[in-house]
Amino acid sequence: MRLRPLLVVFVSLALLGAACGDDDGDELATPLTDDTVDDQDDDATAETGDPDESDDAGGNDEPEATETTPPADEEPDADEVETDESAAVEYPITVTDAIGIEHTIDGPTRLGCVAKICTEILAGLGMAPAASTYADDEPFFYPFGPPDFVVTNNNDIEAWAGADLDFAVFGGPKIAFHETVEDVVPLFFLHTAGRTAPDLTGFQAVYESTRAIALLVDRVAEGEQLIADLEGAIETARTFSTPELAERTFVNLFNGEAYLLEIGNADEVGSWAFCSVILAAELGTCAEVDIAAQEISAEAFLELDPDIVAMQTGALSVETRDDPVWGRISAVQNGLAYDSANNGYRFANIRSLIWALQEYVHFTVPDAGIPHPGPLAEFVPADSPLVP
């Protein structure tokens, strides 16, 4: 069940679609980027100039693909990762992905992480992906060193074709691009909380993706430990809750002059992952709006009047943002508008959700005494004071 030469066809079809154009031209223009995976129909995101929205900064002048063997003293020993032999997967098994497709596998698989959510899950399971983009300044995503195969440009045909993969892992939901290639190459879909699994809370959808990847790579015990870590973090955060804190409304705001919201779903079921986390922790609820990740007028934002605002990194800060509405927002007036050290909570997975929750508690419940988690790139979830 290897991709090998089939992936050449996969990427070729994608590039051909981008060149020819059709009704889904915007989706096909960058078929193999993390932005496409995690923000497939979110055109507004690109307009913000978000510095974290591009993973292809290496350019085409760099080598297209590199097999890497990190020095032994730089890569953690696999034996250091605790495993439960009794929980080992007995293959063959059938695993259902986030969009309901069943995949029967005969043993642990080699995964190419097109979506960053895949890379984060594997990092939590104690391993690097078989193939992905890689940056050595992202130890949060690669604590076990680089992948076997480094793809410096996600659109590179030869790089992915030579990676010897079982699945290329994408975030759902399914779009026209996937329909074009699904009969040609094995794809595996993970949940994008808020867009898939409407019958689950956001973080429960994340749990299901984690369990699926754990089955694919035979790391079931590690997957359950990840889930237990987030459950514990939520329980710890809940100890700081009061009825007043639980009623506060929250908005994650893109950096820029516009009022562009990244989170706009306060429902417990079918919600964005971070919305469901703070709801479960009884420390707030995402502000009720009819849209998600889209711009609203300044007047509409003033009417929304969130109690807490986390503003993503960028040219502006909470202090330097200056427009007629900003200073009238309750969050700004009450000192509960803060500059986030990371861009975006919506597509977080278990480990980054712990980071986001710690940052949120630090700024919004100062009496709890929870320190700021620091940059996401350097965050070690197991060291968080929220994790038991």
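Everything below is about the structure printed above this text.
Reference entry: report on the structure contained in this document. The structure displayed is predicted, hence computed values, not measured ones.

### Considering the state of the cysteines
Inspection of every chain in the model, using the stated rule, returns two disulfides. Each sulfur of the disulfide joining Cys113 and Cys118 lies 2.0 Å from the other. The sign of the -50° torsion about the S-S bond sets the Cys113-Cys118 disulfide as left-handed. For the pair Cys113 and Cys118, one class covers both residues: buried.

### Details of the packing of aromatic side chains
All told, the structure shown has 13 aromatic pairs when counted by the stated rule. Ring centres 5.6 Å apart and planes at 65° place the aromatic pair Phe250 and Phe274 in the edge-to-face group. Of this pair, Phe250 sits in strand β9 (residues 249-253) while Phe274 is found in helix α11 (residues 273-280), placing the two residues 24 residues apart along the sequence. Judged by its relative accessible area of 0%, Phe274 falls in the buried class. Relative to Trp355, the ring of Tyr345 lies with its centre 6.4 Å away and its plane at 70°, an arrangement referred to as edge-to-face. Note that Tyr345 is positioned in the loop between β14 (337-339) and α14 (350-364) and Trp355 in helix α14, a separation of 10 residues in sequence. Exposure remark for Tyr345: the relative accessible area of 1% places this residue in the buried category. The rings of Phe250, Phe274, Tyr345, Trp355 and Tyr360 are connected pair by pair, giving a single aromatic cluster. Over the face of the ring belonging to Trp326 we find Arg321, whose NZ or CZ atom lies 5.0 Å from the ring centre.

### A look at the pattern of salt bridges
In total, this model carries six salt bridges according to the counting rule given. Across the pair Glu208 and Arg211 runs a salt bridge whose closest N-O atoms are separated by 3.4 Å. Placement of the pair is Glu208 and Arg211 together in helix α8 (residues 202-217), with a separation of three residues, close to one helical turn. A relative accessible area of 31% places Arg211 in the partly exposed class. Between Arg238 and Glu235 there is a salt bridge, with the nearest N and O atoms lying 2.7 Å from each other. With Arg238 and Glu235 both in helix α9 (residues 220-238) and three residues apart, the pair spans about one turn of that helix. The exposure class of Arg238 is partly exposed, given its relative accessible area of 25%. One network of salt bridges, in which partners are shared, links Glu208, Arg211 and Glu224.

Here is what the cut-offs are and how they apply
Residues numbered from 1 in each chain as written. Predicted model: local features only at pLDDT ≥ 70, side-chain atom pairs only at ≥ 80, totals over all residues. Heavy atoms only, no water. Disulfide = S-S within 2.5 Å. Buried < 20%, exposed > 50% of the residue type's maximum accessible area, 1.4 Å probe, protein only. Phe/Tyr/Trp six-rings, centres within 6.5 Å; stacked < 30°, edge-to-face > 60°. Helix = DSSP H or I, 4+ residues; strand = E, 2+ residues; numbered from the N terminus. Lys NZ or Arg CZ within 6 Å of the ring centre and 35° of its normal. Salt bridge = Lys/Arg side-chain N within 4 Å of Asp/Glu carboxyl O.

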